There are 2 protein chains.
Amino acid sequence: MTAWQTRTSTTVYENAWIRVREDAVTRPDGGEGVYGVVELRHPAVFVVPVTDDDEVVLVEVDRYPTGRRSLEVPAGGSDGEDALVAARRELAEETGLLADTWQDLGEVFSLNGVCDAPGRVLLARGLRAPGDATGQAEEGIVATHRLPWPVVLERVADGTITDNESIAALMRAAIALGRVR
Amino acid sequence: MTAWQTRTSTTVYENAWIRVREDAVTRPDGGEGVYGVVELRHPAVFVVPVTDDDEVVLVEVDRYPTGRRSLEVPAGGSDGEDALVAARRELAEETGLLADTWQDLGEVFSLNGVCDAPGRVLLARGLRAPGDATGQAEEGIVATHRLPWPVVLERVADGTITDNESIAALMRAAIALGRVR
């Protein structure tokens, strides 16, 4: 599948979420070099929750690495379990919502020139709000927003929504919902 | 902008492309913890090249971190210069194309729970092919593809296009071109 070859591999940093390794590699052109790879320990799930009124539920997250607040789809690490189980949990924890209908919109990879960071996008419909969002403080979520699709598109276009994973998840959802031509 | 506080910060790994630091942090809820942050040294540019016949030009890249071939928009690091300068260079190197019309589609961030990885999306139109793509081998590009928009959307939906940065760039472009409702 790949013409790259790994000659040696050394873990240079790890914590509970990421492992960083430095590999000595032979490139596809035959040259030798060094490649630093960041592995995400837990495959991610990205949930696009769409209400019966065609609103999208987004969370506003205070992100430490960028020092910014970011408007995003509910998401999280899968802790090794099934993507749907992880998606249900993340949606409930971050928004308090349950969904009657789930649709798997497939696999994605983030920053694949540097990272091995797989994820899955899921579309959640038939939303119900049986309880409160219990995991917001822990997840760094400062607010939840329900926005009609046209407003979501405006927020993607005007640079309010900057999170690549969220924009990509919204694209997969928009295509699945027949909103893109 | 952020309620997180940095108590100490230590560089744990660096190479020409990334720097990894481990920070001792105080979380928004007041708890103390450790945060590993991956900084991308060069802000990225993501170019969506659209031909006069409404085809999108994509490159097929052999990605070492994921061990997969990936169909993506032309992209690269900005080497610190203006995003438009970087975008012109990456488009020419990866596809051999020049563009008469450029539109800045704004800032994006990748994997912002782990990385500080800013980028910009640019729409390139009025494409001309004065020469060959000279940088393909070096960039790991194995092929170039020109696909009509409906086929691009199919490839995003069917999981052929999995690169989150590319899917997000295509979403920004699709909105700018009035293709999403």
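Above this text you will find the structure in question.
Please read all numbers here as calculations on a predicted model, not as lab measurements.

## Here we look at the relation of the copies chain A and chain B
The operation relating the two chain copies consists of a rotation about an axis and a shift along that axis.
Thinking step 1. Between the two copies, chain A and chain B, the superposition gives an RMSD of 0.0 Å; the rotation angle is 180 degrees and the shift along the axis is 0.0 Å. Both chain copies can therefore be described as sitting about a two-fold axis.

## What about the sheet that holds strand 9 (residues 115–116) of chain B?
Thinking step 1. Strands sit in the order 1-2-3-9 (chain B) across an open sheet of 4 strands; the sheet is mixed. The open sheet is flanked by strand 1 (5–14) and strand 9 of chain B, the only strands paired with a single partner.

## A look at the side chain of B:Ser78
Thinking step 1. Take B:Ser78: it is sitting in the loop between strand 7 (75–77) and helix 1 (83–95).
Thinking step 2. Dropping the residues within four chain positions of it, B:Ser78 is found in contact with B:His42, B:Pro43, B:Ala86 and B:Arg89.

## Some words on helix 3 (residues 149–157) of chain A
Residues and elements named next belong to chain A.
Thinking step 1. Of all the positions in helix 3, only Trp149, Val152, Leu153 and Val156 are classed as buried. Along the axis of helix 3, the buried residues cluster in a sector spanning 100 degrees; they form a single face.
Thinking step 2. Directly after helix 3, the chain includes Gly159, whose backbone phi takes a positive value near 85 degrees.

## Looking at the nonpolar core
Thinking step 1. Core analysis: the biggest nonpolar cluster contains 56 residues, and A:Val48, A:Leu170, A:Met171, B:Val48, B:Leu170 and B:Met171 have the highest contact counts within it.
Thinking step 2. Apart from the residues within four sequence positions on either side, B:Val48 is in contact with B:Val56, B:Val73, B:Val121, B:Leu122, B:Leu123, B:Ala124, B:Ala169, B:Leu170 and B:Ala173.
Thinking step 3. In this structure, A:Val20, A:Leu40, A:Val114 and B:Ile18 belong to the second largest nonpolar core, which totals 18 residues.

Rules used throughout
- Residues numbered from 1 in each chain as written.
- Chains lettered and ligands numbered in written order.
- Predicted model: local features only at pLDDT ≥ 70, side-chain atom pairs only at ≥ 80, totals over all residues.
- Heavy atoms only, no water.
- Least-squares fit on C-alpha atoms with pLDDT ≥ 70 in both.
- Pairing = 2+ DSSP bridges.
- Helix = DSSP H or I, 4+ residues; strand = E, 2+ residues; numbered from the N terminus.
- Contact = heavy atoms within 4.5 Å.
- Buried < 20%, exposed > 50% of the residue type's maximum accessible area, 1.4 Å probe, protein only.
- Arc of directions from axis to C-beta.
- Core = buried A, V, L, I, M, F, W, Y, C linked by side-chain atoms within 4.5 Å.

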